[in-house]
Structures are given as structure tokens and as C-alpha cells.
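Architecture at a glance
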Amino acid sequence: MSQKISKVVFPVAGMGTRFLPATKAVPKEMLPVFSKPLIQWSVEEATAAGITEFIFVTSPEKPSIISHFQSSPAYEAMLKERNKTDELELLKAGLPDNAKITEVSQDKPLGLGHAIWCAKEVVGNEPFAVILPDDMVLHTTGCLKQMVETYEKTGGNLVAVENVPADQTFRYGILDPETDDGQIVKIRGMVEKPAPEDAPSDLAIIGRYILDPMIMVTLDKGKKGAGGEIQITDAMADLIGTCPLHGLRFKGTRYDCGNKAGFLAANIAYAALDPELVDGLQEQIRTIFK
Ligand code: UTP
């Protein structure tokens, strides 16, 4: 029997350089996709997966992320005074009523592995989820919920995976599959950001993980990998003999909102779900591209 997943870590201390100057004063994770900031979509996905403890790994330069999820008494009082009940509900920002929020600081962006390691004390000795807010997955059942259900069968470390174009492997952690039933892939190794000719497959990790607490012991070593950063893929690879690693081919469409084209596509895809907008939106897009 695998343990219940009740904690999620959001590594949100990166620099967001690909979106400068927009991300000079506004964190990338606070950029809106359609109606909500990226980070709120992630929080809602975690809530739908049954998560109750939300751990934000933030940078001292990015205080607005945590503010978004804290109560704002002055704003609330103003809305109450004006009887704006729907708007008051929106202030919850996707958190469940029993949510516990914790903030830990990553003083320098030394890599994703390091950001996750910063949450070590708060995570404690239980398996936990990680969501990278700039990877969005659109599906009726959230990607993390799909993973939690799969984790009940696999245990160990579990990552969300998808096949990427062969010439794009240098952007991802790429897997060396041992067995593959079309949905769940057992992994025997992986390489971070390999050139296409060095890639063991075209199966890439995207920004969802369920990790065994043993990962923190491996991350303790502070081993630097690709790009001089402490990589979570290296830590998972080191553990394969002791802690099995599986990939889940999730259902849904992924948008890489860490780059401009993916971010814009996500905005359109989410806006297209709004029946009041869809017709006008289609018309405007046709006009732009005619
Ligand atoms: P990215 O690799 O997209 O990096 O991080 P970035 O700094 O956000 O963006 P660019 O490449 O400079 O444009 C993926 C996620 O991991 C977090 C980021 O905040 C983002 O949510 N991250 C990355 C950290 O929290 N700490 C790090 O040291 C690196």
C-alpha cells in the first residue's frame, strides 16, 4: 500500500529570464493564463488531487506569489461592505478550506533539484508531489490526480511523461525505458537535456513529479549536473536501484508556458473553453492570421 499524497511543493524561485522585461517586477508564475495566474492553475490542480498542504519555494525577490494565497483583510472588508459575494469567493485563489500554506526560501536559483531540497524540513518523511507551474496540462481530470491514482499502483518515484519531437530532446530530461505498456513506463535510466544523437529515447519528463522522501538524502550531496545546476533528474536516476522510477503518459494537452509560444497557446486554449468568448475569439484569430 502506498502512502497518501497530501503535500505539494511548488518550486517558484526561478528567474524567468525568457519573459523579461515582463518578469522584472512580476514573477513568471504570476503571469495570467486567461483568467488566473499560472500558479493558481497549479494550486487548483493540486486541490483537485486531494492535496491539503501547499509548500512554496520562493525567492526573496518574488514576494507577490505567497501574497496571492494569503488573506487580505482590507480587500475582504471592502468587498463585504459592497455585498460582492462572488468576488469574495474568488479571493480564496483555488485553495481548499483546510489548506495549510508554507513558504521556504531559495536564496539563489541553483537548479530545480536544489529548490526541491530547500523544502526538505517541511516535507518530512512522506512522499510528496511537485508541480512546475509553467507546465500546464489541460484535461477534465487534472494531471496530478491522474498521477496520484497511478502512484497507488507504482509507489516509488513517478514522473509525468510525453513523447517530444526528436530534435527537442535537449530541452528535457529524457528517459531510458525498460518496459512500456503504452501508459505506464518503467524507467532504467535518464539523461538531462541530451543532444538528439545522445538521447536514449524521445520520452521526456514534464513538470509533475511524485517523489519518495529518500530523494532529499540524495539531494543532500548537492551534486551539480547539466548547466552547472543541481538537477532533480540526476537525483532520481541515482535512486533507481533502491527506489523504482515510473513515468505516466498522462491524458491531456500540455502547454509549455515557460516559452512565449506555449504561453500564448495556453491563453487561447483556456479562453476557448469560455462559451461567451469562443466565437469572438475565433473571429479575431482568423483576422490576425489571414
Ligand atoms: P525554468 O527552468 O523554467 O527556469 O524553471 P526559470 O528561471 O523559471 O525561467 P527562465 O528559463 O530563466 O526563463 C522551472 C520551474 O522551476 C523553478 C522556476 O521558478 C519554475 O517554476 N526553479 C527553477 C526554481 O524554483 N529554482 C531554480 O533554481 C530553478
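Everything below is about the structure printed above this text.
Overview of the structure. Numbering of residues begins from 1 in every chain and follows the order in which that chain's sequence is written. The predicted nature of this model means local features are confined to residues of pLDDT at least 70 and side-chain atom pairs, given and counted, to a pLDDT of 80 or more, with totals for whole chains, interfaces and linings taken over all residues. As a convention, hydrogens and water are excluded, and side-chain values are obtained from all of the structure's heavy atoms.

**Observations concerning the overall build of the protein**
The following threshold applies: The secondary structure listing takes helices from DSSP runs of H or I that are at least 4 residues long and strands from runs of E that are at least 2 residues long, numbered from the N terminus. Note on method: radius of gyration uses C-alpha positions; expected globular size equals 2.2 Å times residues raised to 0.38. Type-normalised accessible area, obtained with a 1.4 Å probe on protein chains alone, sets the label of each residue: buried when under 20%, exposed when over 50%, and partly exposed for intermediate values. Computed by Shrake-Rupley with a 1.4 Å probe, the accessible areas treat only the displayed protein chains as cover when residues are assessed. Working convention for charge: Lys and Arg count positive, Asp and Glu count negative, and His plus the chain ends are omitted. To locate a charge, the coordinates of NZ of Lys, CZ of Arg, CG of Asp or CD of Glu are taken.
In terms of regular secondary structure, the protein is built from 11 helices and 13 strands. Relative to the compact-globule value of 19 Å for 290 residues, the protein shows a C-alpha radius of gyration of 19 Å, a close match. With respect to the three principal axes, the spread of C-alpha positions in the protein is 60 × 50 × 40 Å. Split into buried and exposed, the 290 residues of the protein put 47% on the buried side. Here the protein displays about 14,500 Å² of accessible surface, and carbon together with sulfur accounts for 54% of that area. Treating the 30 positive side-chain charges of the protein as one cloud and the 39 negative ones as another, the clouds have centres 2 Å apart.

**Comments concerning the pairing of strand S8 (residues 157-163)**
A regular strand places its side chains on the two faces of the sheet in alternate fashion. This is how the line gets drawn: Two strands make a pair as long as DSSP finds a minimum of two bridges between them.
In terms of burial, S8 is largely enclosed, as 5 of its 7 residues are buried. Relative to strand S12 (residues 245-249), S8 runs parallel, the two being bridged by 5 bridges. Bridged to Leu158 within S12 is His246. The sheet contact formed by S8 and strand S11 (residues 203-211) spans 6 bridges and is antiparallel. Residue pairing across strands places Ala160 opposite Ile206, the latter belonging to S11.

**Considering the nonpolar core**
Heads up, the rule is: Nine residue types can take part in a nonpolar core, namely buried Ala, Val, Leu, Ile, Met, Phe, Trp, Tyr and Cys, and a core is a set of them joined through side-chain atoms within 4.5 Å. Two residues qualify as a contact provided that any one of their heavy atoms is within 4.5 Å of a heavy atom in the partner residue.
Formed by 34 residues in total, the largest nonpolar core has its most connected members in Phe128, Tyr209, Leu211, Ile215 and Met236. Residues within four places of Phe128 in sequence aside, it is in contact with Ile5, Lys7, Val9, Ile116, Val123, Tyr209, Ile210, Leu211, Asp212, Pro213, Ile215 and Met216. If you look at the next biggest cluster of nonpolar residues, it comprises 32 residues, including Phe56, Phe69, Val148 and Phe250.

**Here's the deal with the site of the ligand**
As a reminder, the rule being used: In this text, near means that some heavy atom of the residue lies within 4 Å of the molecule or strand in question. Here a polar contact is recorded for every N or O atom pair within 3.5 Å, except that within protein the pair must consist of a potential hydrogen donor and a potential acceptor, and residues adjacent in sequence are included only if both atoms are side-chain atoms.
Taken together, 18 residues surround the ligand, and among them Gly14, Met15, Thr17, Glu29 and Gln106 come closest. Between Gly16 and the ligand, the recorded distance is 3.1 Å, taken from a backbone N or O atom to an oxygen atom. Note that an oxygen atom of the ligand is positioned 3.2 Å from one of the side-chain N or O atoms of Asp134. Bound to the protein, the ligand loses 82% of the 570 Å² it would expose on its own.

**Thoughts on helix H7 (residues 143-154)**
Worth spelling out the cut-off: The length a helix should cover is 1.5 Å for every residue beyond the first.
Look at H7: 16 Å from first C-alpha to last across 12 residues, which is about the 16 Å you get at 1.5 Å a residue. Among the residues making up H7, those that are buried are Cys143, Leu144, Gln146, Met147, Val148, Thr150, Tyr151 and Thr154. A positive phi of about 60° marks Gly155, the residue just after H7.

**Thoughts on the packing of aromatic side chains**
Note on aromatic pairs: each is described by the distance of the centres and the angle between the planes. This is how it is decided: Ring geometry is summarised as follows: Phe, Tyr and Trp rings, the Trp one being its six-membered ring, pair when their centres sit within 6.5 Å, and such pairs are stacked at plane angles under 30 degrees, edge-to-face over 60 and tilted between the two.
With the rule as written, the count across this model stands at 4 aromatic pairs. When the centroid spacing of 5.4 Å and the interplanar angle of 70° are considered together, the rings of Phe19 and Phe263 count as edge-to-face. On the criterion of sequence distance, the pair formed by Phe19 in the loop between strand S1 (7-12) and strand S2 (32-33) and Phe263 in helix H10 (residues 260-271) is long-range, its members being 244 residues apart. Each member of the pair, Phe19 as well as Phe263, carries the same accessibility label: buried. Where Phe56 meets Phe69, the ring centres are 5.1 Å apart and the plane angle is 25°; that geometry is what we call stacked. You can see Phe56 sitting in strand S4 (residues 53-58) and its partner Phe69 sitting in the loop between helix H2 (64-68) and helix H3 (73-81), a full 13 residues away along the chain. Under the relative-accessibility criterion, Phe56 is labelled buried at 0%.

**Describing the pattern of salt bridges**
How we decide: Whenever a carboxyl oxygen of Asp or Glu lies within 4 Å of a side-chain nitrogen of Lys or Arg, that contact is scored as a salt bridge.
Counted by the stated rule, this structure contains 18 salt bridges. With a closest N to O distance of 3.1 Å, Lys92 and Glu89 form a salt bridge. The salt bridge partner of Arg249 is Asp180, with a shortest N-O separation of 3.0 Å. Note that Arg249 is positioned in strand S12 and Asp180 in strand S9 (residues 173-180), a separation of 69 residues in sequence. For Asp180, a relative accessible area of 41% translates into the label partly exposed. When salt bridges with common partners are traced through the structure, they connect Glu89, Lys92 and Asp97 into a single cluster.

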